[in-house]
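Residues per chain, in single letters:
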Amino acid sequence: LPRRAEEQGAQLEVLRKMLLAMVQDVRVVLIKLADHLCVLRASLKDADASRRRELALLTRDVFAPLANRLGVWQLKWELEDLALRVLDPDTYKRIARLLDEKRQDRE
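Just so it is clear, the structure is predicted and the values come from calculations on it, not from any experiment. (Residues numbered from 1 in each chain as written. Predicted model: local features only at pLDDT ≥ 70, side-chain atom pairs only at ≥ 80, totals over all residues. Heavy atoms only, no water.)

So, on to the packing of helix α3 (residues 49-70) against helix α4 (residues 73-87). Packing of α3 against α4 leaves a shortest axis separation of 9 Å and a crossing angle of 155 degrees. Judged by the angle between their axes, α3 and α4 are roughly antiparallel. Viewed along their axes, α3 and α4 form a crossing whose handedness is left-handed. In this structure, α3 uses Arg-52, Arg-53, Ala-56, Leu-57, Thr-59, Arg-60, Phe-63, Ala-64, Ala-67 and Asn-68 to contact α4, whose residues at the interface are Trp-73, Lys-76, Leu-79, Glu-80, Ala-83, Val-86 and Leu-87. (Axes fitted to C-alpha atoms, helices over the stretch in contact; angles between N-to-C directions. Helix = DSSP H or I, 4+ residues; strand = E, 2+ residues; numbered from the N terminus. Parallel < 35°, antiparallel > 145°, perpendicular 65-115°, else oblique. Left-handed = near helix turned anticlockwise from the far one by under 90°. Contact = heavy atoms within 4.5 Å.)

Taken as a whole and assessed by the stated rule, the structure comprises 7 salt bridges. Here Arg-60 makes a salt bridge to Asp-61, at a shortest N to O gap of 2.9 Å. A salt bridge links Lys-76 to Glu-80; the shortest N-O distance between them is 3.0 Å. Placement of both Lys-76 and Glu-80 in helix α4 is noted, with a separation of 4 residues, approximately one turn of the helix. A relative accessible area of 36% means that Glu-80 is categorised as partly exposed. (Salt bridge = Lys/Arg side-chain N within 4 Å of Asp/Glu carboxyl O. Buried < 20%, exposed > 50% of the residue type's maximum accessible area, 1.4 Å probe, protein only.)

On average, the protein scores 86 in pLDDT, and the residues at 70 or more come to 95%. By mean pLDDT, the top-scoring element of the protein is α4 (96), and the lowest-scoring one is helix α1 (residues 2-22) (73). (pLDDT = per-residue confidence, 0-100.)

This is the structure we're talking about:
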């Protein structure tokens, strides 16, 4: 299994590099990232569980790292946040609760 995961990770890395190499205008990639974010937001409301999971995995493995490489931090954070909400809701809720408890200290 670890070898399979490594192969999948390598394939995703190749896909990310290919996307960046294919696009001569970074604005196209930014539009695609924003479009994917809109689709992901809508899927949380309307899609069935398997579709939400599929989109969350794609987000975690392709789109969030791509946003990271482009330095679009706010987009990256929201993509990761939404993906975690779908893929690991218990951890997401625990983190949200901990952040709420510390909100006054941070402010």
